[in-house]
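# Chains, contacts and geometry: an overview
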Protein chains: 2
Amino acid sequence: MKVSTRGEYALRALILLGQHPNVIPIAEISEKTLVPVNYLEQILLQLKHLGYVKSKRGIRGGYILRKSPEQIVIGQVIRQLEGPLAPMGCVSVTAYDPCPLEEKCLLKPLWTLIRDTVSQLLENTTLNDLLEDQISIPEGSMKLK
Amino acid sequence: MKVSTRGEYALRALILLGQHPNVIPIAEISEKTLVPVNYLEQILLQLKHLGYVKSKRGIRGGYILRKSPEQIVIGQVIRQLEGPLAPMGCVSVTAYDPCPLEEKCLLKPLWTLIRDTVSQLLENTTLNDLLEDQISIPEGSMKLK
DNA sequence: GATAATCTTTAGCATATTAGTCAACTTTTT
DNA sequence: AAAAAGTTGACTAATATGCTAAAGATTATC
């Protein structure tokens, strides 16, 4: 049930960019986020292609947010960087992968519930929520049965 | 955010065993769950060492549940078979792994929330719940802010 | 007690993923 | 022109995953 470094690193970079309105060179992002420069380049490039950031070349170049923090949905970033949020292919909406057992599978409801829960959580969190440190425990939290 | 086949297969086997009160040979479990025999042997062995099942050797041998379905907590099975439920080491209770950013990390609250949510879900589901197909969407579902 | 079914255990392998490095190249600014 | 900075792609090392092979140990039944 892990999130890979790629997603984590991307979010770190986005947070840093969200905290500063100006262009920041990769080297500085790397320092502040503790992500190796060369690896970070790949990730920033991908974020650029996805439209989250834009880059400026040359002597005072670097990266800057393209979308506003309210428009950047964490769930989407993670999905785009490291694949479906679903724990199993059989319950993935973005990468459905059928399974021969499916019909009478007693596990599917559980995987579905997990998928829905995690998805709901991440789809309703934006970069802005993170920046404002507004993540909190939902009120009437999870109850089964 | 994937669950590996190992956890999935273990649960499939436990479900099958939970559905039958008698000893079932590996070959039959393999057929019914669609898991390769040799791989299944490893997994059942691990489940045996963990105390979930017991085995009977010889000509009418096979596997049978050791604990009752109510006592088998899905979250624990998954954790024991494939490691911590937490999405990141920095928020894992069973395998905490510090991170230099931690203090001012704006991501940690999010990871914590995910960990707590998934954990709560899986820790409150037993094999019995699966057998009775009683997994359902929690009432006052997730709300952020 | 032989034997056949079954469990037990170890070793190994192929593939995929992850994390990261390196180096050459292009663009832009000064 | 030169320097700073982004762009790109190839390449590597480590690890995890999914699975196979095979030899050995145990036990129920005849």
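Here, the structure is the one placed above.
Throughout what follows, the structure given in this document is the object of discussion. What you are looking at is a predicted structure, and each value in this text was computed from that prediction instead of being measured.

### Things to note about the protein's contact with DNA strand C
In the vicinity of DNA strand C, 27 residues are found, and the nearest of them are A:T5, A:R57, B:K48, B:G62 and B:Y63. Close to the protein, within 4 Å, the atoms of DNA strand C are drawn from sugar and phosphate at a rate of 74%. A distance of 2.6 Å is found between a phosphate oxygen of DNA strand C and a side-chain nitrogen or oxygen belonging to A:T5. Here B:S55 contributes a side-chain N or O atom positioned 2.9 Å from a phosphate oxygen of DNA strand C. Listing elements by their share of the surface near DNA strand C, those giving two or more residues are α1 (5-19) and α3 (37-49) of chain A together with α3 (37-49), β1 (53-56) and β2 (62-65) of chain B. No other element matches α3(B), which puts five residues into the surface near DNA strand C. Across the surface near DNA strand C, the residue classes tally to nine nonpolar, eleven polar and seven charged.

### Some remarks on the protein's contact with DNA strand D
Looking at DNA strand D, there are 27 residues lining it, with A:K48, A:R57, A:G62, A:Y63 and B:R57 nearest. Here the atoms of DNA strand D within 4 Å of the protein split so that 78% fall in sugar or phosphate, with bases taking the remainder. With respect to DNA strand D, the backbone of A:G62 contributes an N or O atom lying 3.2 Å from a phosphate oxygen. Within the contact set of DNA strand D, a phosphate oxygen lies 2.3 Å away from a side-chain nitrogen or oxygen of A:Y63. Broken down by secondary-structure element, the contributors of at least two residues to the surface near DNA strand D are α3, β1 (53-56) and β2 (62-65) of chain A together with α1 (5-19) and α3 of chain B. In terms of residue count, the dominant contributor to the surface near DNA strand D is α3(A) (five residues).

### Focus: a positive patch on the surface
Together, A:K48, A:K54, A:R57 and A:R66 make up a region of like positive charge exposed at the surface. Within the secondary structure, A:R66 is located in the loop between β2 and α4 (74-82).

### Remarks on the pattern of salt bridges
All names here are of chain B. Scanning the model with the defined rule gives nine salt bridges over all chains in all. In this structure, R79 engages E123 in a salt bridge whose closest nitrogen and oxygen atoms are separated by 2.0 Å. Highlighted residues: R79 in helix α4 (residues 74-82) and E123 in helix α5 (residues 108-123), separated in sequence by 44 residues. What makes E123 partly exposed here is its relative accessible area of 23%.

### A closer look at the interface of chain B and chain A
Contact with chain B, which involves 50 residues of that partner, is made by 50 residues of chain A. Applying the counting rule to chain B against chain A returns zero salt bridges. Where chain B meets chain A, there are six residue pairs in polar contact (both at pLDDT 80 or more). Elements with a minimum of two residues in the side of chain B that touches chain A: α1, α2 (26-33), α4, α5 and α6 (127-131) of chain B.

### Thoughts on the environment of B:K104
On the secondary structure map, B:K104 appears in the loop between α4 and α5. Separated by 22 residues in sequence, B:K104 and B:T126 have C-alpha atoms that sit 37 Å apart.

### What about the relation of the copies chain B and chain A?
Turning one copy of the chain about an axis and sliding it along that axis gives the other copy, so a rotation and a shift relate them. The transformation that overlays chain B on chain A combines an axial shift of 0.0 Å with a rotation of 180 degrees, and the residual RMSD is 0.1 Å. Both copies are brought into coincidence by an operation consistent with a two-fold rotation axis. Minimal C-alpha distance to the rotation axis in chain B is attained by B:M1, lying at 2.3 Å.

Thresholds applied
- Residues numbered from 1 in each chain as written.
- Chains lettered and ligands numbered in written order.
- Predicted model: local features only at pLDDT ≥ 70, side-chain atom pairs only at ≥ 80, totals over all residues.
- Heavy atoms only, no water.
- Near = heavy atom within 4 Å.
- Polar contact = N/O pair within 3.5 Å; in protein donor to acceptor, adjacent residues only side chain to side chain.
- Helix = DSSP H or I, 4+ residues; strand = E, 2+ residues; numbered from the N terminus.
- Nonpolar A, V, L, I, M, F, W, Y, C, P; charged D, E, K, R; others polar.
- Patch = residues over 30% accessible without salt bridge, like charges linked within 9 Å, V, L, I, M, F, W, Y side chains within 5 Å.
- Areas by Shrake-Rupley, 256 points an atom, 1.4 Å probe, with all protein chains shown as cover.
- Salt bridge = Lys/Arg side-chain N within 4 Å of Asp/Glu carboxyl O.
- Lys, Arg positive; Asp, Glu negative; His and termini not counted.
- Charge placed at Lys NZ, Arg CZ, Asp CG, Glu CD.
- Buried < 20%, exposed > 50% of the residue type's maximum accessible area, 1.4 Å probe, protein only.
- Contact = heavy atoms within 4.5 Å.
- Least-squares fit on C-alpha atoms with pLDDT ≥ 70 in both.

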